[in-house]
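# A closer look at the structure
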Amino acid sequence: MATSTTTPKKALDRITDCKNNKSIAELDLSDLKLKVIPPEINTKELGHIQVLNLSDNKITEIKGLDQLTGLNSLSLSSNQLTEIKGLDQLTGLNSLSL
């Protein structure tokens, strides 16, 4: 059973698929009951991801996205964010949903 700090298998499978297939431009991790942004996504191997959907989770803090240099759309709607920061490294971001 996954603990609150463990990334669920379903999320890990989707992350692995994106790492192995550079033609995948969108990573959907919505509605997985994530409490944190999975640290496994903050890697240069996922720098090609353009769209990241983290909506409908339980995320309270934005951190660990600085390696996603190709990101232009980020959805964090319907989370439990307490502070909006940690986006300054995402210079290509042109769509943000909170």
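Residues numbered from 1 in each chain as written. Predicted model: local features only at pLDDT ≥ 70, side-chain atom pairs only at ≥ 80, totals over all residues. Heavy atoms only, no water.

### With respect to the sheet that holds strand 3 (residues 73-75)
Counted only if it meets this: Any two strands between which DSSP finds at least two bridges are classified as paired. The way it works is that DSSP assigns letters per residue, a run of H or I at least four long becomes a helix, a run of E at least two long becomes a strand, and they are numbered from the N terminus. Geometry is summarised by axes, namely lines fitted to C-alpha atoms with helices restricted to the contacting stretch, and by angles between N-to-C directions that run from 0 to 180 degrees.
In spatial order, the strands read 1-2-3-4; together these four strands make up an open sheet with parallel pairing. Unpaired on one side and paired on the other, strand 1 (26-28) and strand 4 (95-97) mark the two borders of the sheet. Strand-to-strand twist across the sheet, computed as the mean angle between neighbouring axes with direction ignored, equals 0 degrees. Pairing geometry for strand 2 (residues 51-53) and strand 3, over three bridges, is parallel. Pairing of Val51 across the sheet is with Ser73, part of strand 3.

### Overview of the side chain of Ser55
Convention followed: Partly exposed describes any residue whose relative accessible area lies between the buried limit of under 20% and the exposed limit of over 50%, with all areas from a 1.4 Å probe on protein chains only and scaled to the type maximum. Whether two residues are in contact is decided by their heavy atoms: any pair within 4.5 Å suffices.
Tracing the backbone shows Ser55 in the loop between strand 2 and strand 3. The exposure class of Ser55 is buried, given its relative accessible area of 7%. When neighbours within four sequence positions are excluded, Ser55 is seen to be in contact with Ser30, Asp31, Ser75, Leu76, Ser77 and Asn79.

### A few points about the nonpolar core
Using the following cut-off: By nonpolar core we mean a set of buried residues, namely Ala, Val, Leu, Ile, Met, Phe, Trp, Tyr and Cys, connected to one another through side-chain atoms within 4.5 Å.
The biggest cluster of nonpolar side chains holds 22 residues, and the ones touching the most others in it are Leu27, Leu29, Ile41, Leu52, Leu54, Leu65 and Leu74. Ranked by residues supplied to this core, first place goes to helix 1 (residues 9-20) with three residues. Each residue touching Leu74, except ones within four places of it in the same chain, is listed here: Leu52, Leu54, Leu65, Leu87, Leu90, Leu93, Ser95, Leu96 and Ser97.

### Brief notes about helix 1
For the record, the criterion: The span expected for a helix works out to 1.5 Å for each residue beyond the first. Relevant arc is that of directions from the helix axis to the C-beta atoms, nothing else.
Taking 1.5 Å per residue as the helical rise, helix 1 with its 12 residues ought to reach 16 Å, and the 16 Å between its terminal C-alpha atoms agrees with that figure. Those residues of helix 1 that sit buried are Ala11, Ile15 and Cys18. Seen end-on, helix 1 carries its buried residues on one side only, within an arc spanning 60 degrees. Exposed residues on helix 1 whose side chains face more than 90 degrees from its buried face are Lys9 and Asn20. Tucked inside the fold, the buried residues of helix 1 contact strand 1.

Geometric values such as these leave the question of function open.
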